[in-house]
Amino acid sequence: MTLMGALHLDLGGAPAGPAGTGKTESVKDLSKALAKQIVVFNCSDTMDYIMVGTFFKGLASAGAWACFDEFNRIYIEVLSVIAQQL
C-alpha cells in the first residue's frame, strides 16, 4: 500500500528500507505537497513513555504529522506503552 492510499483510508504509514535511501525526506516532501505540518523526531534509547506522551499531546493540539526517525532505538517496554497510548 502506498502512503497516499493509507491517507485515503485514514491510516498511517511506516516507510522501511536501508539507511540513507530518503525515507524521511520523502515523508517530508509529501507533507509539504499536502500542506501538512510535520515534526521529525529523532528517537533515542533515553526516551520514556512520559516524554512520548507529551510529544503526542503537542502533535494532537497542532494537528501535525510525526516522523519518528531511528524508531528502532526505542526500548520495547516504551513501545508497549506507546501502543497503548495510541
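That block above? That's the structure.
All residue numbers refer to positions counted from 1 along the written sequence of the respective chain. A pLDDT threshold of at least 70 governs which residues receive local features in this predicted model, and a stricter bar of 80 or more applies before side-chain atom pairs are shown or counted, although totals over entire chains, interfaces and linings include all residues. Note: side-chain values were computed over all heavy atoms of the structure, leaving out hydrogens and water.

Topic: the nonpolar core
Applicable threshold: What is meant by a nonpolar core is a set of buried Ala, Val, Leu, Ile, Met, Phe, Trp, Tyr and Cys residues, joined one to another through side-chain atoms within 4.5 Å. Throughout this description, buried means an accessible area under 20% of the type-specific maximum (1.4 Å probe, protein chains only), exposed means over 50%, and partly exposed covers the range between. Strands are runs of DSSP state E lasting at least two residues, helices are runs of H or I lasting at least four, and both sets are numbered from the N terminus onward. In what follows, a contact means two residues having at least one pair of non-hydrogen atoms within 4.5 Å.
Ranked by size, the top nonpolar core spans 11 residues in total: Phe41, Cys43, Met47, Val52, Phe55, Phe56, Leu59, Ala64, Ile74, Val78 and Ile82. Of all the secondary structure elements, the ones that give two or more residues to this core are helix H3 (49–62) and helix H4 (76–85). With 4 residues, H3 is the largest single contributor of residues to this core. Not counting chain neighbours up to four residues away, the residues in contact with Ile82 comprise Val52, Phe56 and Ile74.

Looking at the packing of aromatic side chains
Heads up, the condition is: Stacked, edge-to-face and tilted are the three classes for Phe, Tyr and Trp ring pairs, Trp counted by its six-membered ring, which pair at centre distances within 6.5 Å; planes under 30 degrees apart are stacked, over 60 edge-to-face, the rest tilted.
Following the criterion strictly, the structure yields 6 aromatic pairs and no others. When the ring of Phe41 is compared with that of Phe55, the centres are 4.5 Å apart and the planes differ by 45 degrees; the resulting orientation is tilted. Of this pair, Phe41 sits in strand S1 (residues 38–42) while Phe55 sits in helix H3; the two residues are 14 residues apart in sequence, bridging distant segments of the chain. For Phe55, a relative accessible area of 16% translates into the label buried.

Side note on the packing of H3 against H4
Two quantities define a packed helix pair, namely the angle between the axes and the distance from one axis to the other. Short version of the rule: Axis lines are fitted to C-alpha atoms, over the contacting stretch for helices. Their N-to-C directions set the angle, which ranges from 0 to 180 degrees. The crossing is said to be left-handed when, going from far helix to near helix, the turn is anticlockwise and less than a right angle, and right-handed when the turn is clockwise. Side-chain classes are defined by residue name, with Ala, Val, Leu, Ile, Met, Phe, Trp, Tyr, Cys and Pro counting as nonpolar, Asp, Glu, Lys and Arg as charged, and the others, Gly among them, as polar.
Here H3 crosses H4 at 30 degrees, and the two axes come no closer than 9 Å. Classified by chirality, the crossing of H4 by H3 is right-handed. Residues Tyr49, Val52, Gly53 and Phe56 of H3 form the contact with H4, whose own contacting residues are Val78, Val81, Ile82 and Gln85. A class-by-class count of the residues in the contact of H3 with H4 yields 6 nonpolar, 2 polar and no charged.

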